[in-house]
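# Structural description and commentary
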Amino acid sequence: KKRILVDKPIPPSVELMSTGDIRLSQTIMFRVPPPGAGVIIPETVASPPIKVELVSDYKVDSGTGMIMEHCLVETRINGQLAPGDQVVRWIQRFRNSDNSARTTSESRDNDIVTKALIDALSFFRSINGSEKRK
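The present account deals with the structure reproduced in this document. Computed from a predicted model, the values in this text were never measured in an experiment.

### Considering unusual backbone geometry
- Non-glycine residue Asn78 carries a positive phi angle of around 50°.
- One can find Asn78 in the loop between strand E5 (67–77) and strand E6 (80–81).

Printed below as a string of structure tokens:
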């Protein structure tokens, strides 16, 4: 039986960046049928849709036109950044705040780092379901 049902295909978006890189955005809509679909219950029973959005950048060799490097920029699942992307963004904010320490006051830098840590902890608590909903 079919384990994944792909909804109507969505054409990818391709754009040429000012740096000469190519950005590819691909969205895939699919559904995972509930257990027993087609055997116990009809296959027509709707399951919640899953929308996966992938954004990639490609560096192209200007001489050959061949792709030299691929970088997965972000992944979103039903509009939310994937957990790995959340961690990467947190690390980037932390590193940026560390680099800005040379030009700003120490207390401001501590506030930025503290906020980044609180954001990361809140995110991980929400994943584990330990954060109580208001």
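### Notes on the environment of Asp119
- Here Asp119 shows up in helix H2 (residues 106–128).
- Residue classification places Asp119 among the partly exposed residues on the basis of a relative accessible area of 29%.

### Some points on the pairing of strand E3 (residues 22–31)
- In terms of strand pairing, strand E1 (residues 5–6) meets E3 through two bridges, oriented antiparallel. Bridging from a neighbouring strand, Val6 pairs with Phe30 of E3.
- Two elements, strand E2 (residues 13–16) and E3, share four bridges in a ladder whose sense is antiparallel. In the sheet register, Val14 faces E3, and the bridge partner there is Leu24.
- Connecting E2 to the next strand, E3, in antiparallel fashion are five residues, including Gly20 with a positive phi near 95°.
- Inspection of the sheet shows E3 paired to strand E4 (residues 49–60) by ten bridges, in the antiparallel sense.

Rules and cut-offs
- Residues numbered from 1 in each chain as written.
- Predicted model: local features only at pLDDT ≥ 70, side-chain atom pairs only at ≥ 80, totals over all residues.
- Heavy atoms only, no water.
- Helix = DSSP H or I, 4+ residues; strand = E, 2+ residues; numbered from the N terminus.
- Buried < 20%, exposed > 50% of the residue type's maximum accessible area, 1.4 Å probe, protein only.
- Pairing = 2+ DSSP bridges.

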